[in-house]
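Residue-level listing of the chains:
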Amino acid sequence: MSATIFKNQEYCRVELKDFEFDVKFSVVSATVYFSGANFRGVEKGVINSSSLKPLSALMSRCIPGSMVVFDDVKVKGPDNEIRSIPGVAYRLF
């Protein structure tokens, strides 16, 4: 993903690979790790909704070569059950 596009995101959304049903899930929480270009080691942020605003200071430092990993992602489905889903990683260019 382009660093510019990533830095301009305000919200994250749930995308389940190979899921054929039109069901809406909302993000409850996630731990987000930033590393690579423009970061000393690994730095951690946390979100408690789909809003990326709590990560804005870390996101503003992202440049090509930065790595962003969303881990321990919890979502709520239409049945109001909270479940964990696989995380996702982005190497920014």
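Details of the structure are given in the entry above.
If you're wondering where the values come from, they're calculated on a predicted model, not measured in any experiment. (Residues numbered from 1 in each chain as written. Predicted model: local features only at pLDDT ≥ 70, side-chain atom pairs only at ≥ 80, totals over all residues. Heavy atoms only, no water.)

Colleague: Tell me about the pairing of strand β3 (residues 66-76), and please be specific about residues and values.
Modeller: Relative to β3, strand β1 (residues 26-36) runs antiparallel, the two sharing nine bridges. Counted as the bridge partner of Gly36 is Ser66 from β3. With four bridges connecting them, β3 and strand β5 (residues 88-91) associate as antiparallel partners. From the neighbouring strand, Phe70 faces β5, where its bridge partner is Val88. (Pairing = 2+ DSSP bridges. Helix = DSSP H or I, 4+ residues; strand = E, 2+ residues; numbered from the N terminus.)

Colleague: Outline the pattern of salt bridges, listing residues and values.
Modeller: Per the counting criterion, the structure on display carries four salt bridges. The closest approach of N and O atoms between Arg61 and Glu43, which form a salt bridge, is 2.8 Å. With Arg61 in the loop between α2 (56-60) and β3 and Glu43 in strand β2 (residues 43-47), this pair connects stretches of sequence that are 18 residues apart. Among the salt bridges present, the one from Arg83 reaches Asp79, with a minimum N-O distance of 3.0 Å. Looking at Asp79, the relative accessible area reads 46%, which means it is partly exposed. Connected via shared salt-bridge partners are Asp79, Glu81 and Arg83. (Salt bridge = Lys/Arg side-chain N within 4 Å of Asp/Glu carboxyl O. Buried < 20%, exposed > 50% of the residue type's maximum accessible area, 1.4 Å probe, protein only.)

Colleague: Describe the packing of aromatic side chains, naming the residues involved and giving the relevant values.
Modeller: Following the criterion strictly, the structure yields two aromatic pairs and no others. Between Phe70 and Tyr90, the aromatic rings sit 6.3 Å apart at their centres with planes inclined by 85°, giving edge-to-face as the arrangement. One end of the pair, Phe70, is in strand β3; the other, Tyr90, is in strand β5, and 20 residues separate them in sequence. Residue Tyr90 is classed as partly exposed on the basis of its relative accessible area of 27%. (Phe/Tyr/Trp six-rings, centres within 6.5 Å; stacked < 30°, edge-to-face > 60°.)

Colleague: Provide a residue-level description of the pairing of strand β4 (residues 82-85), including the pertinent values.
Modeller: Alignment of β3 against β4, held across four bridges, turns out to be antiparallel. Directly across from Val75, in β4, lies its bridge partner Arg83. Between β3 and β4, which pair antiparallel in sequence order, lie five residues; one of them, Asn80, sits at a positive phi of approximately 65°.

Colleague: Now, about the nonpolar core: what can you tell me, with residues and values included?
Modeller: Note that soluble globular proteins tend to have their nonpolar side chains buried in a common cluster. Membership of the largest hydrophobic core comes to 21 residues, with the highest contact counts inside it found for Phe6, Phe34, Ile47, Leu55, Cys62, Val68 and Phe70. Elements with a contribution of two residues or more to this core: α1 (3-7), β1, α2 and β3. Ignoring any residue separated from it by four or fewer positions in sequence, one finds Phe6 in contact with Met1, Phe34, Met59, Cys62, Val68, Phe70 and Leu92. (Core = buried A, V, L, I, M, F, W, Y, C linked by side-chain atoms within 4.5 Å. Contact = heavy atoms within 4.5 Å.)

Colleague: Give me the lowdown on the side chain of Ser66, citing residues and values where you can.
Modeller: Position of Ser66 relative to the elements: it lies in strand β3. Setting aside residues no more than four positions away along its own chain, Ser66 makes contact with Ser35, Gly36, Ala37, Phe39, Arg61, Tyr90, Arg91 and Leu92.

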